[in-house]
Structures are given as C-alpha cells and as structure tokens.
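# Chain and residue survey
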Amino acid sequence: MSSSKNYLLSITIIGILFFIFGFITWINGTLIPYLKIACELTTDVQAYLVATAFFIAYTVMAIPSSLVLKRTGYKKGMAIGLFIMSIGAIVFVPAASSRDFSLFLIGLFIIGTGLALLQTASNPYVSIIGPIESAATRISIMGICNKVAGIIAGLIFGYIALNDADALINNLKTMDEATKEVTLNELASRVIVPYLIIAIALAALAVGILFSSLPEISDESEAEGTPPPGGDKTSVFQFPHLMLGVLALFLYVGVEVMAGDTIISYGKSLGIELSTARYFTQGTLACMLIGYIVGISTIPKYISQASALKYCAILGVVFTILAVFTNGYVSVAFIALLGLANSLMWPAIFPLAIEGLGKFTKTGSALMIMAIAGGAILPLIYGHLSQSIGTRVAYIIMAPCYLYILYYAVIGHNVGKKSIA
C-alpha cells in the first residue's frame, strides 16, 4: 500500500475513534440531569460526580496505559481500549436495573479507563503521523468528528432520557411511593438498550481495528519537521514545556467540561425548562465545531498553533466575564460561546507540549492524558461554589484558567525548548 493510502487509511480510522470519543464523552452532559432524577440525587454536586468518575479514570490509568502501549504498540492498544469501554457500557445494564448511582459511576470509570488507553494512543498518533507544524489541523479534523458525534449523542440520548423530564419532575412530587418507584424504574431502564448497542458497537470496532491494516508508527523515528528525538534527555520531566503543557491541558479540559456539562443544570437553575435546556450542550459543541473549521482553514497557513491558542484564551476570558455579568439566555449563550474559545485549545496544546519528546513521546502523552482530570475536578469545584455564591457567579473560576492558558500560548510552550536540539 502506498504511503498516501496508508496516511488516508490512518486518518480515517482515527477519525472513527474520535467519533466514538465524542459520542461517549458528551453523553455525560445529558447523564448529569438524567441521573439526578433517576437516582434521586439531592444536589448538583452529587450529579457532577458523573464527570468526576469519568475523567478521573484518565489520571489513574494514563501511566498504566503508557506501559501497555510500550508492550502492545498503538494498534493493539487501541483495540484493548475499545474492549474495556465495551465492558463499562455493559455495567450500565445492572446499574439501570437497580438504579444504583454508585454502579453507574463504576461503569463510567471503566469507560473512562478504556478511553484513557485510546486517547494515549491516538493523540500522539495524529500528532506525529505527519508534519508537527500541521498537527493542529489534523487534530482539528479529529475534533470535528468528536463534536459532531457529541451533538448527535446529546440529541438522541436527550430525546430518550429527558423528553418528558419537566412533566415527570412535577408528577413525582405528588406520587405515592409505590407509583414513584415504578416510574423511576421505567426512567432508569431507558438507558439499557442504548448502552447495550454501544457495548456491541465498541466490541465490533475493537475487532475491526485489530484486523485492520492500520500501520504501526515509531515515535523514536522523527516525524517530518520534528526536532531531534529527545536529545540527551534522560527523563520526561526534563522537558519544561511539557510540564507547563500538562497544567495548561488540565485547566483547559476543566473549563471545556464546565462549559459543556454544567450548562444544562445552569439553564435549569435560571428557571429554563429541561425540555429546552437539554439542547444547551449541543450549542456549546456547535460553537466548538465552528472553531475547528476555522482552525483547519487557518492553521498553519495563516496563523501558528501558538497564535491560535492565544486568541482562543483571550476569547475565553472575555466570554467568561460576559457570562458572569449578564443574565438569563444571554448568559447561557456566552457559556455556549466558550465552545468557540475552547475549540482550538486541545489541537494546539497537545502538539506544542509533545514537540521534540522523541523516545519520551508515549510517556509525555500519558502525562498529558492524566491532565484530563481537570474535567473531574474543576466541575466539582464549580458545583460547590455555585451553592454558596450562585450558579452564574461561580463561573468566574474559569477566568484564571484561561489566563494561564494565555501564558502558555505566549511564553510557556517555548520554555526549555532551545535545549532539546
């Protein structure tokens, strides 16, 4: 097979994987209000444990994922990750049957574990399969696959799980215990068939990846345009630009998850009915989609990855302040517009951070994947703050996150790079 066909095949397969990432990840935005009702949770903070259980798996499993990839390579590692995700989806069946919130969290953690392995393999794969200076463009294409899947997942799952949520919430208040139990059991059972389908699809894709002609690549060999592999470094911790990038990614994922996963609950807190608010996450993802299209059109032809990150960080600060100092649907709109600010952050931060790591690329990628824990921690902080200072004002914690990302775009990504060559 020619190198151009190999390249096209690789991008297509990885695009399918990123579609899977998006479908599974962005269901969480709908799962949060859904499980709050089905499992009779009393606070939003409890419901945000959905994001915590899912994203904390990245921190716990990223280093083990790196070790697995060193033994299996990228291709087999991706297949293993898909199988693990399939097991996590199956756990939703007994969780829904018993309406056991802790079992739902275990299922989410297992799915997150599989995704950690997949992300650890696929992100550097996309970055180093071609010229490093155009990595943001390739990751932007992957981002489109991810966010289109997220929009589709939210629409489908929102219809299945929250279609009659407003009437249901009102009716639950007047039901006797026996009727309430039957009604909530029916609500919980709605996820059984969708997650069984997801489990089967993930297992089938794992088999397909395993027997595909997806080429294995070596990060020890230089990708076109990449600096010499690691120079005389003896540890991944000797790359300051990587360490600063890990923190940038931690904060970025935190604000991205806040913008996507809390916006439905935020709308509900403003008195907006769930039948309307359940579409708000799709608004955030649509804004991200627009940003990815802009990124593909402009990077690196017109602007560099670092410049794109700088402009996005500035937008993040501006939209955060406007969201906090406005009200109602206008405030919700600015939270959704954060999707535009967030869109090019992952595509820019990841390649900037792993540039020049050479033989340390898999380990560096694992550290970056660990930073996805920002999505587990920052929404919980937001949830606690929202109880004391209000759901709108609590979003102010995003501003310093975007300011640090701005620092990384302007200065941080270059720290220590002169010594790599």
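Scoring rules and cut-offs
- Residues numbered from 1 in each chain as written.
- Predicted model: local features only at pLDDT ≥ 70, side-chain atom pairs only at ≥ 80, totals over all residues.
- Heavy atoms only, no water.
- Helix = DSSP H or I, 4+ residues; strand = E, 2+ residues; numbered from the N terminus.
- Rg over C-alpha atoms; globule rule 2.2 N^0.38 Å.
- Buried < 20%, exposed > 50% of the residue type's maximum accessible area, 1.4 Å probe, protein only.
- Contact = heavy atoms within 4.5 Å.
- 1 Å grid on protein atoms, 1.4 Å probe; cavity = no way out; pocket = protein on both sides within 12 Å on 5 of 7 lines; lining within 4 Å.
- Points joined across faces, edges and corners; volume = space filled by probe spheres on them.
- Salt bridge = Lys/Arg side-chain N within 4 Å of Asp/Glu carboxyl O.
- Axes fitted to C-alpha atoms, helices over the stretch in contact; angles between N-to-C directions.
- Parallel < 35°, antiparallel > 145°, perpendicular 65-115°, else oblique.
- Left-handed = near helix turned anticlockwise from the far one by under 90°.
- Core = buried A, V, L, I, M, F, W, Y, C linked by side-chain atoms within 4.5 Å.
- Phe/Tyr/Trp six-rings, centres within 6.5 Å; stacked < 30°, edge-to-face > 60°.

## Points about the overall build of the protein chain
For the protein chain, the helix and strand inventory stands at 19 helices and zero strands. Scaling as 2.2 N^0.38, a compact globule of 421 residues should have a C-alpha radius of gyration of about 22 Å, and the protein chain matches this with 21 Å. Counting only C-alpha atoms, the protein chain reaches 70 × 50 × 35 Å along its principal axes. Counting all 421 residues of the protein chain, 59% fall into the buried class. Taking contacts inside the protein chain between residues at least 6 apart in sequence as the whole, the part at least 24 apart equals 85%.

## Topic: unusual backbone geometry
Of note, the phi angle at Glu40 is positive, near 55°, even though the residue is not glycine. Mapped onto the secondary structure, Glu40 falls in the loop between helix H2 (28-38) and helix H3 (44-47). Phi angles above zero are rare outside glycine, and Arg99 is one such case at about 50°.

## Observations concerning empty space enclosed by the protein
Applying the stated criterion to the full structure yields two cavities of 30 Å³ or more. For the largest cavity, the calculated volume is near 250 Å³. Around the largest cavity sit 19 residues that line it, and Gln119, Asn146, Lys147, Glu256 and Trp346 are the ones nearest its centre. Mapped onto the lining of the largest cavity, the elements with two or more residues apiece are helix H1 (3-26), helix H4 (49-98), helix H5 (101-128), helix H6 (135-162) and helix H10 (240-261). No other element matches the five residues that H6 contributes to the lining of the largest cavity.

## Observations regarding the pattern of salt bridges
Under the criterion given, the structure shown has six salt bridges. Two residues, Glu40 and Lys180, come together in a salt bridge whose shortest N-O distance is 3.3 Å. On the criterion of sequence distance, the pair formed by Glu40 in the loop between H2 and H3 and Lys180 in helix H8 (residues 177-189) is long-range, its members being 140 residues apart. The partner of Arg99 in a salt bridge is Glu181, and the shortest N-O contact between them spans 3.0 Å. Here Arg99, found in the loop between H4 and H5, pairs with Glu181, found in helix H8; they are 82 residues apart in sequence, far enough to count as distant. On the accessibility criterion, Arg99 (13% relative accessible area) is buried. Here the salt bridges do not stand alone but share partners, grouping Glu40, Arg99, Lys180 and Glu181 into one network.

## Details of the packing of helix H14 (residues 305-324) against helix H19 (residues 398-410)
At a minimum axis distance of 8 Å, the contact between H14 and H19 shows a crossing angle of 165°. In this view, H14 runs roughly antiparallel relative to H19, as classed from their interaxial angle. Note that H14 runs across H19; the crossing there is left-handed. Residues Ala306, Leu309, Lys310, Ala313, Ile314, Gly316, Val317 and Thr320 of H14 form the contact with H19, whose own contacting residues are Met398, Ala399, Tyr402, Leu403, Ile405, Leu406, Tyr408, Ala409 and Val410.

## Regarding the nonpolar core
Counting 144 residues, the largest nonpolar core has Leu31, Tyr34, Met78, Leu82, Tyr195 and Ile349 as its most contacted members. Element by element, the count of residues in this core is highest for H4, at 17 residues. For Met78, the residues in contact, after removing those within four places along its chain, are Ile14, Leu17, Leu118, Ala121, Ser122, Tyr125, Ile209 and Leu214.

## Some details on the packing of aromatic side chains
Summed over all chains, the structure comprises 17 aromatic pairs. With 5.2 Å between their ring centres and 75° between their planes, Phe92 and Phe104 make a pair best called edge-to-face. Here Phe92 is found in helix H4, whereas its partner Phe104 is found in helix H5, with twelve residues between them in sequence. Taking relative accessible area as the criterion, Phe92 reaches 0% and is therefore assigned buried. Centroid distance Phe280 to Tyr329: 6.4 Å. Interplanar angle 85°. Geometry classified as edge-to-face. With a gap of 49 residues between them, Phe280 in helix H13 (residues 280-298) and Tyr329 in helix H15 (residues 328-342) connect regions that are remote in the sequence. Classification of Tyr329 by relative accessible area gives exposed; the value is 52%. By the ring-pair criterion, three or more aromatic residues cluster together here, those being Tyr34, Phe92, Phe104, Phe157 and Tyr195.

Treat this as a map of the structure, not an account of what it does.
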